[in-house]
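Residue-level structure breakdown
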Amino acid sequence: MLKGKKIVLGITGGIAAYKSAELTREFIKKEAFVRVIMTKNATEFITPLTLQTLSGHPVFTDMYAPLTDFDMAHISLAEYADVILIAPATANIIGKIASGLADDILTTTVMATKAPVLICPAMNVNMYNNAVVKENISRLTALGYLFMVPGYGELACKAEGYGRLPEIPDIVEELESILTPKDLKGEKILVTAGPTREPFDPVRYITNYSSGKMGYALAIAAKRRGAHVTLISGPTALSTPRDIKFIPVASAVDMRDAVMEHLDSATVVIKAAAVADYRPSLRSASKIKKGGGGLDLQLERNPDIILEVGRKKGNRILVGFAVETENLVENARSKMKKKNMDIIVANDVTKKGAGFGYDTNIIKIISADGKIENVPLMSKMAVADRILDRVKKIITSRQSAPRRRPAFRDR
Ligand code: CTP
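Residues numbered from 1 in each chain as written. Predicted model: local features only at pLDDT ≥ 70, side-chain atom pairs only at ≥ 80, totals over all residues. Heavy atoms only, no water.

Side note on the layout of surface pockets
Roughly 950 Å³ of internal volume is contained in the largest pocket. Every residue lining the largest pocket is counted, 28 residues in all, and those nearest its centre are Lys 30, Glu 173, Ile 220, Arg 224 and Met 381. At the level of secondary structure, the elements contributing two or more residues to the lining of the largest pocket comprise α1 (19-29), α9 (168-179), α10 (213-224) and α14 (380-400). For the lining of the largest pocket, the per-class residue count stands at 11 nonpolar, three polar and 14 charged. Of the residues that make up the lining of the largest pocket, three or more belong to each of domain 1 (6-178) and domain 2 (188-278 + 299-399). Here the second largest pocket defines a volume of roughly 830 Å³. Ala 273, Ala 274, Val 275, Phe 321 and Val 323 are the residues nearest the centre of the second largest pocket, which is lined by 37 residues in total. When the residues that make up the lining of the second largest pocket are grouped by side-chain class, the tally is 17 nonpolar, 11 polar and nine charged. (1 Å grid on protein atoms, 1.4 Å probe; cavity = no way out; pocket = protein on both sides within 12 Å on 5 of 7 lines; lining within 4 Å. Points joined across faces, edges and corners; volume = space filled by probe spheres on them. Helix = DSSP H or I, 4+ residues; strand = E, 2+ residues; numbered from the N terminus. Nonpolar A, V, L, I, M, F, W, Y, C, P; charged D, E, K, R; others polar. Domains from an automatic or database assignment.)

Put into structure tokens, the structure is as follows:
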């Protein structure tokens, strides 16, 4: 989470400099601490006053100006930063950093810091493709500087191509990832999310209220913690998360096939999808026209994906969900046992703020050893981290379990 994190934002002289105002607002909204450094050229595009107002602190533009931010008086910006973000970054600033130049407050701060530095280039497409810029980016990448690839589209100079500042939510997400400890590195986590659609003619289907938010939160949180994530998702209105292998599916049968195809490489499987238990037995090739009376729909059972995964589980950790409206714990426990899960997340959807569609959830995490953890109302991202903490505990306990000695045998 960016809450409480110290971000030093470096703004350089490109037309996208105006977007850094929105970026600063976003960081403040997320309760991060922001200090802004602007190069002299950046102040030609946007005023320091704008950034001072939004960040709530004086903006650093001049290395030799008397200090006005007394919080900073004896802490250098380089030491203060949990992360330094340069957005937008011009070809000039990239060239200066790559050449080891430190002749203004931004380049000196970058050179002096031990914090990660994320650089978001934004410039004309030909400049971005220039061999010198490319070489500077490769050189800095090899030295451990982090870069985001610019967005594609129409640029301020009317050319089209890669050169736009990445979208603000994508920059925020990249920082979240950079600042999250990588305690799930090496894990391959398969997550299913969203509803499934079970069609009965070309224009109609049956489905459920799942929004996919819980599964997407789990996929994003696992990615931030360093796992390699595959997200198999039914149709949702959510945007596709970055840096995650994304496999869109529609029906329960499609989802089952995708899960089985990717099961071999997974070390953890989290089944957050609300799979439809039934599908129409017949699917009309043409639209069903209305007649005089009603319409009878015959339904048949869909494959139970988690049951199949449970049978082929091996050493994998299997996490399932139980959506219930009554007898939450008993129903969840019996599902966990029947389907060979290690953890079941029990979700009482009758509670306000829990389950389908909400950005929050209230859950109980029940593990096979009988432990129940009550997780009160919190955001689905925070809930996701609590579930992953439990997964991590199982991984750690398996790693530290003493190897079985060969049994002593009487001769
Ligand atoms: N699930 C699945 N395949 C299905 C149905 C459910 O993999 N065809 C998974 C869900 O992703 C979830 C878990 O099973 O992780 C529990 O789903 P739920 O619908 O609550 O349980 P069911 O076992 O289907 O029981 P019931 O509908 O009778 O409550």
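What to know about the sheet that holds strand β11 (residues 228-233)
One open sheet accounts for eight strands, arranged β12-β11-β8-β13-β16-β17-β18-β19; its pairing is mixed. Among the strands making up the open sheet, the edge pair consists of β12 (245-248) and β19 (372-379). Going from strand to strand, the sheet's axes swing by 15 degrees on average, the running direction of each strand aside. Strand direction decides the pairing type here: strand β17 (residues 343-348) and strand β18 (residues 360-367), joined by five bridges, are antiparallel. (Pairing = 2+ DSSP bridges. Axes fitted to C-alpha atoms, helices over the stretch in contact; angles between N-to-C directions.)

Overview of the packing of aromatic side chains
This model, assessed by the stated rule, comprises two aromatic pairs. Residues Tyr 152 and Tyr 162 carry aromatic rings whose centres are separated by 4.9 Å and whose planes lie at 70 degrees to one another, so their mutual orientation is edge-to-face. Linking Tyr 152 in strand β6 (residues 151-154) with Tyr 162 in strand β7 (residues 160-164), this pair joins segments that are 10 residues apart in sequence. Judged by relative accessible area, which is 44%, Tyr 162 ranks as partly exposed. (Phe/Tyr/Trp six-rings, centres within 6.5 Å; stacked < 30°, edge-to-face > 60°. Buried < 20%, exposed > 50% of the residue type's maximum accessible area, 1.4 Å probe, protein only.)

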